[in-house]
Amino acid sequence: MQHILIIEDERAIAELERDYLESHGYQVHIEGRGDIGLKKALDGQYDLIILDVMLPKMDGFEICREIRQQHNVPILMVTSKKEDIDKIRGLGLGADDYITKPFSPSELVARVKAHLSRYERLTSNKDSHNDFIQIRGLCIDRPARRVTIHDEEAMLTSKEYDLLLLLASHPNRVFDKMELFERIWGLDSNGDTATVTVHIRRLREKIEHDPSNPQYIETVWGVGYRFKV
């Protein structure tokens, strides 16, 4: 059984989320305080975390940052604000997705299922013939989900790694933003490609010597991105 941690201070919302997720076969744990929620996230063996932005003692952004320093578990952030800056900030800190209140429980379940399925599929890939991708000092260790640049490890979030692996596995192929969103997030993007843009920018900051003049991930203006070889 897969375990989900909900960090949410509005008890009624947390319990509604829990009831719907449990009805679909998940084991759900709830925590209302940010600091305690972070401790549980770091100590527990959770398969996905649903994280509210506004929390007592510690906000969701700080919690997301701390989790990402140790774990690649999928993080779904929940916000009551519709401003893009909050969404972009959360994605930049390593969140895999966001959902804005009010939302339907069925949408939450659909997003949870999509992220768990994609993460399980990616982490269970044991094809020994493609365990490593090595290009110009960049090495992707697929079984370990580890990336090094000239023997120094790049600390990537789960979705940053997934993006890099997809692009590097198809060198010189151009992917448009919509396709990248659908391939990595597995959801209907409804035209919201800012998610991809933010993750590509953060990825470049971690693997490129000069992010403004990238040698690995190239922008094809008006189309999308490709991995140069």
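See the structure printed just above.
I will try to describe carefully the structure that is included in this document. Since this is a predicted model, take the numbers as computed values, not measurements.

### With respect to the pairing of strand β1 (residues 3-7)
Across the 5 residues of β1, 4 count as buried, placing the element largely inside the fold. Both β1 and strand β2 (residues 27-31) contribute to a ladder of 5 bridges, which runs parallel. Residue pairing for β2: Ile4 is matched across the bridge by Val28. A crossover connection joins β1 to the parallel β2 through helix α1 (residues 11-23); in handedness this β-α-β unit is right-handed. In terms of strand pairing, β1 meets strand β3 (residues 48-52) through 4 bridges, oriented parallel. What sits directly across from Leu5, in β3, is Ile49.

### Thoughts on the pairing of strand β4 (residues 75-79)
Along a regular strand, successive side chains alternate from one face of the sheet to the other. Of all 5 residues in β4, 5 are buried, a share of seventy percent or more. Burial of β4 is two-sided: the residues Ile75, Met77 and Thr79 facing one way and the residues Leu76 and Val78 facing the other way are all buried. With 4 bridges joining them, β3 and β4 adopt parallel strand pairing. Bridging from a neighbouring strand, Leu51 pairs with Met77 of β4. One crossover worth recording links β3 to the parallel β4 by way of helix α3 (residues 60-68), and it is right-handed. In the sheet, β4 pairs with strand β5 (residues 97-100) via 4 bridges, with the strands oriented parallel.

### A look at the sheet that holds strand β10 (residues 175-176)
The strand order across the open sheet formed by 3 strands is β10-β12-β11, and the pairing between neighbours is antiparallel. Looking at which strands have only one partner, the edges of the open sheet turn out to be β10 and β11 (217-220). Of the strand pairs in this sheet, β10 and strand β12 (residues 224-227) are connected by 2 bridges, and their pairing is antiparallel. The residue of β12 that forms the bridge with Asp176 is Gly224.

### Quick look at the packing of helix α6 (residues 158-169) against helix α8 (residues 194-207)
Packed helices, taken two at a time, are described by their axes: the angle between them and the distance between them. Across the interface, α6 lies against α8 with an axial gap of 10 Å and an inter-helix angle of 85°. When the axes of α6 and α8 are compared, the pair comes out roughly perpendicular. Where α6 approaches α8, its residues Lys159, Glu160, Leu163, Leu164 and Leu167 are matched on the opposing element by His199, Ile200, Arg202, Leu203, Lys206 and Ile207. Of the residues contributing to the contact of α6 with α8, the split by class is 6 nonpolar, 1 polar and 4 charged.

### Observations concerning the pattern of salt bridges
Counted according to the given criterion, the structure contains 20 salt bridges. For the salt bridge of Asp19 with Arg18, the shortest nitrogen-to-oxygen distance reads 3.4 Å. Asp19 sits in the partly exposed class, given a relative accessible area of 42%. Its salt-bridge partner being Glu205, residue Arg201 comes within 3.4 Å of it at the nearest N-O pair. Pair noted here: Arg201 and Glu205 are both in helix α8, with a separation of 4 residues, about one helical turn. The partly exposed category is assigned to Arg201, whose relative accessible area is 40%. Overall, the relative accessible area of 45% leaves Glu205 in the partly exposed class. Here the salt bridges do not stand alone but share partners, grouping Glu8, Glu10, Asp52 and Lys101 into one network.

Cut-offs used in this document
Residues numbered from 1 in each chain as written. Predicted model: local features only at pLDDT ≥ 70, side-chain atom pairs only at ≥ 80, totals over all residues. Heavy atoms only, no water. Buried < 20%, exposed > 50% of the residue type's maximum accessible area, 1.4 Å probe, protein only. Helix = DSSP H or I, 4+ residues; strand = E, 2+ residues; numbered from the N terminus. Pairing = 2+ DSSP bridges. Right-handed = clockwise from strand over helix to strand, strands pointing away. Axes fitted to C-alpha atoms, helices over the stretch in contact; angles between N-to-C directions. Parallel < 35°, antiparallel > 145°, perpendicular 65-115°, else oblique. Contact = heavy atoms within 4.5 Å. Nonpolar A, V, L, I, M, F, W, Y, C, P; charged D, E, K, R; others polar. Salt bridge = Lys/Arg side-chain N within 4 Å of Asp/Glu carboxyl O.

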